[in-house]
Amino acid sequence: MTQHLLILGGTTEASALAHAVASNDLKATFSYAGRVANPKAQPIPTREGGFGGPQGLAAYIRNHNISHVIDATHPFAAQMSWNAFEACRATDTPLAALTRPAWTPVENDTWQLVPDIAHAVAILQGEAKRVMLALGRLHMNDFAVQPQHHYVLRLVDAPEETPALPNHTVVVARGPFDVDEDIALFKEHAVEVVVCKNAGGTGAAAKIQAARALGLPVIMIERPKLPARAELATPKAVLEWLTAHPATERGV
Ligand code: 3Y8
Ligand code: NAP
C-alpha cells in the first residue's frame, strides 16, 4: 500500500505538520470540521466536514486508502479523537496524535482549576463581574444561567444568532493572539476574570500571559479524557514515526 496520511487538523501544530509533509512530498489530506467560515489555507489537499462518526471515518480510511492517521486536533476536540481511535482500530490503521503539553501555572498566577465547562459555569455564581469568555462560540450559551455578568466574547466569526447572554460584547478575532493586544483588550473592557480551556500551545497563550501581567484570576478548564495512543510533540517526530511504521497492506 502506498503511504497516504490523513491529518485531522484545526490547530497550529496541524498546520506546521502540513508544511513539513508538503516539503517532504508526502501524500496527505488535511481535514477540517468546517467549523469556521474561512479556515486557514493549507499547502496540501484539504477536506471539510464531519466523516459521520467512527464508522464514517472508517469508510473514509478504506475508500481513500489512508495508510496512517495523525490526530492533530485540539485537546478539547475529544469526540474527534475518540472517533479516530475507534476507526483506526477497526481498520487496523496506525494512529498517532500530534499534541502540545498543557499550560502550567507560574508563581503569582491565580488559577481556579475546573474539570469541565459546566463547572466553569457553576463557579461563576455570585455578584456581577466582567468576564472574558475566551472559549469560542460552541459553548458560550452554556453561561446563560449566569446572566448577571458582562461577558466579553472572542469569536472567530460574527455569531449568526445573538448570544443568549443579556450583557455581552462580541470581539471577532482569530488567533494566534498577542500578549500586548490581550492586555489592551482586557483593559479596554475592564475584564475582572478570564475563563479559558487548557489548550496548551502558543496560539491561545496570550490571554493567560495578559491575565498574569494584570493580576487577573483565571478559571482554567482542564482537558477532557483522550484515548491512549502514541503522542508526538513535533512534526519531525511525526516524520520519524512514519518511517518507523511503514505503510503495509490493510489487515483484511
Ligand atoms: C476550525 C481553523 C492555525 C490554527 C490556529 C491553536 C491556536 C489560533 C487559539 C481565545 C481562544 C478557541 C477556538 C482557538 C485558538 C488557534 C488555531 C486556535 C481558541 C481555528 C480554525 C478552526 C477553529 C475552531 C474553533 C472552535 C473554538 C476554538 C476559537 C483555522 C481558527 C476558543 C479554543 O466559531 C466556532 O465555531 C469556533 C469553534 C472549535 C472552540 C469553540 O468551542 O468555539 N477553535 N479555530 C477548525 C475546523 O473546522 O476543523 O485555522 O482557520 C484554528 C485555531 N484556533 O493553523 O493557525 O492551535 O489552538 N480556537 C481554545 O483554545 O479555547 C481561541 O480566544 O483566546
Ligand atoms: P469535536 O467536538 O471533538 O468533534 C465533533 C465532531 O466534529 C466530530 O465527531 C467530527 O464529526 C467533527 N470533526 C471534528 N474535528 C474534525 C476534523 N478535523 N475533521 C473532520 N471532522 C471533524 O471537535 P470540536 O471541538 O468541535 O473541534 C472542531 C475543530 O476545531 C477541530 O478541527 C479542532 O481541532 C478545532 N479546534 C477545536 C478547538 C476546541 O476548543 N474544541 C480549539 C481549536 C481548534 P463526525 O463525527 O461527523 O466525523
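You'll find the structure just up there.
Given the structure is predicted, the values throughout are model-derived calculations rather than measurements.

### Description of the site of ligand 1
Reasoning step 1: Residues in contact with ligand 1 amount to 30 residues; listed here are only the nearest, T12, S15, A33, R137 and R174.
Reasoning step 2: Separating an oxygen atom of ligand 1 from a backbone N or O atom of T12 is a distance of 2.8 Å.
Reasoning step 3: Here an oxygen atom of ligand 1 sits 2.9 Å away from a polar atom, N or O, in the main chain of R35.
Reasoning step 4: Its residues assigned to classes, the shell around ligand 1 shows twelve nonpolar, ten polar and eight charged.

### Notes on the packing of aromatic side chains
Reasoning step 1: The tally for this structure, following the rule as stated, stands at four aromatic pairs.
Reasoning step 2: Judged by centre distance (5.2 Å) and plane angle (65°), the ring pair of F51 and Y60 falls under edge-to-face. Just as F51 is buried, Y60 falls in that class too.
Reasoning step 3: Between W82 and F85, the aromatic rings sit 6.1 Å apart at their centres with planes inclined by 80°, giving edge-to-face as the arrangement. Separated by three residues within a single helix, W82 and F85 lie in helix 3 (residues 78-91), roughly one turn from each other.
Reasoning step 4: Given the relative accessible area of 34%, W82 is considered partly exposed.
Reasoning step 5: For F85, a relative accessible area of 23% translates into the label partly exposed.
Reasoning step 6: A cation over an aromatic ring shows up here: R47 above the ring of Y60, its NZ or CZ 5.4 Å from the ring centre.

### Examining the sheet that holds strand 5 (residues 95-98)
Reasoning step 1: Taken together, the six strands give an open sheet; going across it, the order is 3-2-1-4-5-12, and neighbouring strands pair in parallel fashion. Edge positions in the sheet fall to strand 3 (46-48) and strand 12 (230-232), since each has one partner strand and no second. Here the strands of the sheet are splayed against their neighbours by 25° on average, with no regard to which way each runs.
Reasoning step 2: Of the strand pairs in this sheet, strand 4 (residues 68-71) and strand 5 are connected by three bridges, and their pairing is parallel. Counterpart to D71 in the pairing with strand 5 is A97.

What counts, and at which threshold
- Residues numbered from 1 in each chain as written.
- Chains lettered and ligands numbered in written order.
- Predicted model: local features only at pLDDT ≥ 70, side-chain atom pairs only at ≥ 80, totals over all residues.
- Heavy atoms only, no water.
- Near = heavy atom within 4 Å.
- Polar contact = N/O pair within 3.5 Å; in protein donor to acceptor, adjacent residues only side chain to side chain.
- Nonpolar A, V, L, I, M, F, W, Y, C, P; charged D, E, K, R; others polar.
- Phe/Tyr/Trp six-rings, centres within 6.5 Å; stacked < 30°, edge-to-face > 60°.
- Buried < 20%, exposed > 50% of the residue type's maximum accessible area, 1.4 Å probe, protein only.
- Helix = DSSP H or I, 4+ residues; strand = E, 2+ residues; numbered from the N terminus.
- Lys NZ or Arg CZ within 6 Å of the ring centre and 35° of its normal.
- Pairing = 2+ DSSP bridges.
- Axes fitted to C-alpha atoms, helices over the stretch in contact; angles between N-to-C directions.

These results come straight from atomic positions and should not be treated as a statement about function.
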